[in-house]
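Chain and residue survey
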Amino acid sequence: MSSARRTPRTRTATRLGAPLAAAVLLTGGLSAWALTGATAQAATAAPSVEVQDDFNGDGYADLAVGAPGATVSGKKNAGHVTVVYGSKSGLNTAKKKIVSRSTSGVPGAATANQRFGSTFSKGDLDGDGYGDLVIAGGTAGSVVLWGSASGLTGGTNIAGYGAAPQTGDFDGDGKTDLALFTAQSVGGDDPSGAPAALWKGPVSRAGKPAAVLDLLAKSEWWGYGADDASCDTAAGGGCEDGPDSITGPVLSGAAGDVNGDGKDDLVQWRYTGDGTWGTRLLLSSPSGFVRGWAPGDGDGGTTPGIGVGDVNGDGYDDVVVGSDDWDHQVRVAYGAASGLDENRVRTLDQDAPGIHGVEEEGDRFGSAVSVADVTGDGYADIALGISGEDFSGLTDAGSFALVPGRASGVLGSGTVVMHQNTEGVPGVAEKGDKFGAAAALLDVDGDGHRDLAVSSTAENSSNGAVWVLRGTSTGLTAKSALAFGAKDLSAPYTDALFGSALR
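Along each chain, residues carry numbers from 1 onward, in the same order as the chain's sequence is written. With pLDDT at 70 or above as the cut-off, local features in this predicted model cover only qualifying residues; side-chain atom pairs require 80 or more to be listed or tallied, and sums for whole chains, interfaces and linings still use all residues. By convention in this description, side-chain values take in all heavy atoms of the structure and omit both hydrogens and water.

Let us now look at the overall build of the protein. Counting from the N terminus, the helices are the DSSP runs of H or I reaching at least four residues and the strands are the DSSP runs of E reaching at least two. Along the backbone of the protein there are one helix and 32 strands. Any two residues whose heavy atoms approach within 4.5 Å at even a single point are treated as in contact. Across the protein, every contact between residues at least 6 apart in sequence was considered, and the portion connecting residues at least 24 apart equals 55%. Summed over its atoms, the accessible surface of the protein is roughly 18300 Å², and 49% of this surface lies on carbon and sulfur atoms. Every accessible area reported is derived by Shrake-Rupley at a probe size of 1.4 Å, with residue values counting cover from the shown protein chains alone.

See the structure below:
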């Protein structure tokens, strides 16, 4: 690893947040959880609010929360997404927007088992300076909600592409592009190819991109009705995928520039057949993505978390992948000009310095992953969910860890672990809470430090809840933490799995 730090590229998605000032701590929470204290602390870090996180352009990041299990218009598991807007004092639970297929202006209708909002992505698709929200809607396609000075408005349908949308500047032209994937059934021994597309930005509010490109570069095409000469035999074979096809259902993903070429790349979890999952790195190129190596695989159950960010401050984004149920290791693959290299991977387990806990089957170390700079020191930190963690005689109560980044890479020392029995964190840890199911680092109070949103989808009999802990120059603090569920937001809440996805 080079000791010299590269100057990170300036992302067009970044703009200055609210002026630096004393930041009032987060307030509010579940009605049963009284929150006290409102200490102010002067902000010292550079503003960290990016345009994709700010739907109303006020300089504070806004949080999107998925509730795919919610009953909407009498339809079970129809699902919804709730957006809670940021402010100087943190998330304002009185200022929110609840979005479902039954919301006025949103195309389509609530349908049983649609699980609207299982995944979503943020990005300024139309280039107007406001973040937009792309919500996956299964076989009915996806929906774009458009940012404005008054927050998210309207709704534009993207037919045919209803799984794991991803935004980023994939061609380096300064405009946000959109990678789209088709919803598929997760099952079977041999997953087939399914349509995928790369929409070049800007994307108009009528749902028209500047151009529709093949997701994969031509050298990556595997057949699609062509003769053997067009098959990518160097990649190992077969004539399965074509110019708009990619093998295996895409379940989740993250974007970042791992090779420092000024273009975002994609790393994804995908179903690989026979009950297994695997990661895939798609490196940007002038003619579409080309396949690259990424760490991680899984076996059964839900996929671990995945995140992208520059943890060692060398100007290349790194990829962090949670563990499966049996190897108990989070992997950090360091970026470089040549991309990711399996010889440059750091593994973390619960025996690493600062990561206390007993390593047990089912801990789900890295059930959630979010990577961003909390302290403002120039190194991205890693939030890891540990949703299956047992402690105090409580099975699967769950916890999370914040692992600091540094020039020498991720070592584990300085890690802070918290759960619902940590002083200041609202609520009480209970058996089966699975606290740490999802996580997101974003600056909801505009003080220059990323705050952590973390969820428990099993809270209150699968209703779900979200907690927000404030970021500071020394890490996260539980002082005056915020907690809320869908019921507190007057959203459908029974068995909603509120917090299944956070952005």
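We now examine unusual backbone geometry. Cis rather than trans, the peptide bond between Gly201 and Pro202 has omega equal to 5°. Turning to its location among the elements, Pro202 is positioned in strand β12 (residues 193-203). One non-glycine residue, Ser392, lies in positive phi territory at about 50°. Examined against the element boundaries, Ser392 turns out to sit in the loop between β25 (381-386) and β26 (399-403). Of note in this structure, Leu497 is not a glycine but carries a positive phi near 55°. Along the chain, the position of Leu497 falls in the loop between β31 (475-484) and β32 (501-502).

Bringing the pairing of strand β6 (residues 120-123) into the picture now. Burial of β6 is two-sided: the residues Phe120 and Lys122 facing one way and the residues Ser121 and Gly123 facing the other way are all buried. Between any two strands, at least two bridges found by DSSP are needed for them to pair. Sheet topology note: the β6/strand β7 (residues 132-136) ladder contains four bridges and is antiparallel. Residue pairing for β7: Lys122 is matched across the bridge by Leu133. Throughout, exposure labels follow a simple rule: accessible area from a 1.4 Å probe, protein chains only, divided by the maximum for the residue type, with under 20% read as buried, over 50% as exposed, and the rest as partly exposed.

Nonpolar cores were defined as sets of buried Ala, Val, Leu, Ile, Met, Phe, Trp, Tyr and Cys residues, with membership established by side-chain atoms within 4.5 Å. In terms of nonpolar packing, the biggest core is built from 25 residues, with Leu63, Leu91, Val466, Val468, Phe484, Phe498 and Leu502 touching the most fellow members. The element that contributes the greatest number of residues to this core is strand β3 (residues 63-67), accounting for three residues.

Here we take up the environment of Val454. Take Val454: it is sitting in strand β29 (residues 451-456). Note: C-alpha distance between Val454 and Leu441 (13 residues apart in sequence) is 8.8 Å.

Let us look at the sheet that holds strand β27 (residues 416-418). What links the strands of a sheet is backbone hydrogen bonding, and the strands pair in either a parallel or an antiparallel sense. The sheet built from four strands is open, its strands ordered β24-β25-β26-β27 with antiparallel pairing. Sheet topology places β24 (365-372) and β27 at the edges, where each strand pairs with a single neighbour. Neighbouring strand axes in the sheet, compared pairwise and without regard to direction, differ in orientation by 20° on average. Sheet topology places β26 next to β27; three bridges connect them, and they run antiparallel. Across the sheet, residue Phe400 finds its bridge partner in β27, namely Met418. Axis definition: a line fitted to C-alpha atoms, limited for helices to the stretch in contact. Angles are taken between N-to-C directions and run from 0 to 180 degrees.

It is worth spelling out the pattern of salt bridges at this point. The salt bridge definition used is simple: a Lys or Arg side-chain nitrogen within 4 Å of an Asp or Glu carboxyl oxygen. Following the criterion strictly, the structure yields five salt bridges and no others. Notably, a salt bridge pairs Arg205 with Asp126, separated by 3.0 Å at the nearest N-O pair. With Arg205 in the loop between β12 and β13 (209-213) and Asp126 in the loop between β6 and β7, the pair connects residues that are 79 residues apart, well separated along the chain. By relative accessible area, Arg205 is classed as partly exposed at 37%. With a shortest N-O distance of 3.0 Å, Arg205 and Asp128 are connected by a salt bridge. Residue Arg205 is located in the loop between β12 and β13, and its partner Asp128 is located in the loop between β6 and β7; the two are separated by 77 residues in the primary sequence. Several salt bridges share partner residues, and in doing so they unite Asp126, Asp128 and Arg205 into one network.

Only centres within 6.5 Å qualify two rings of Phe, Tyr or Trp (six-membered ring in Trp) as a pair; their planes then separate them into stacked at under 30 degrees, edge-to-face at over 60, and tilted for everything else. Tallied over the entire structure, the rule returns four aromatic pairs. Measuring from centroid to centroid gives 5.3 Å for Phe170 and Phe289, while their planes differ by 75°, and the two rings are edge-to-face. Residue Phe170 is located in the loop between β10 (163-168) and β11 (177-181), and its partner Phe289 is located in the loop between β17 (276-283) and β18 (290-292); the two are separated by 119 residues in the primary sequence. You can call Phe170 buried: its relative accessible area is 3%. Taken together, a centroid distance of 6.1 Å and an interplanar angle of 70° make the contact between Phe484 and Phe498 edge-to-face. Of this pair, Phe484 sits in strand β31 while Phe498 is found in the loop between β31 and β32, placing the two residues 14 residues apart along the sequence. Residues Phe484 and Phe498 agree in their burial class; the two are buried.

Attention shifts here to the sheet that holds strand β20 (residues 306-309). Taken together, the four strands give an open sheet; going across it, the order is β20-β21-β22-β23, and neighbouring strands pair in antiparallel fashion. With partners counted over all chains shown, the strands left at the sheet margins are β20 and β23 (345-348), one partner each. Neighbour-to-neighbour, the strand axes of the sheet open up by a mean angle of 15°, direction not taken into account. The pairing of strand β22 (residues 330-333) with β23 spans four bridges and is antiparallel. Counted as the bridge partner of Val332 is Arg346 from β23.

A residue-level look at the protein finds 80% of positions with pLDDT of 70 or above and a mean pLDDT of 84. Per-residue confidence from the prediction method is given by pLDDT, with values spanning 0 to 100. Confidence drops under a pLDDT of 50 for residues 1-46, and excluding neighbours within four residues, the segment shows 117 contacts in the predicted structure. Counting contacts from residues 223-241, a segment whose pLDDT is below 50, to residues more than four positions away or on other chains yields 31 contacts.

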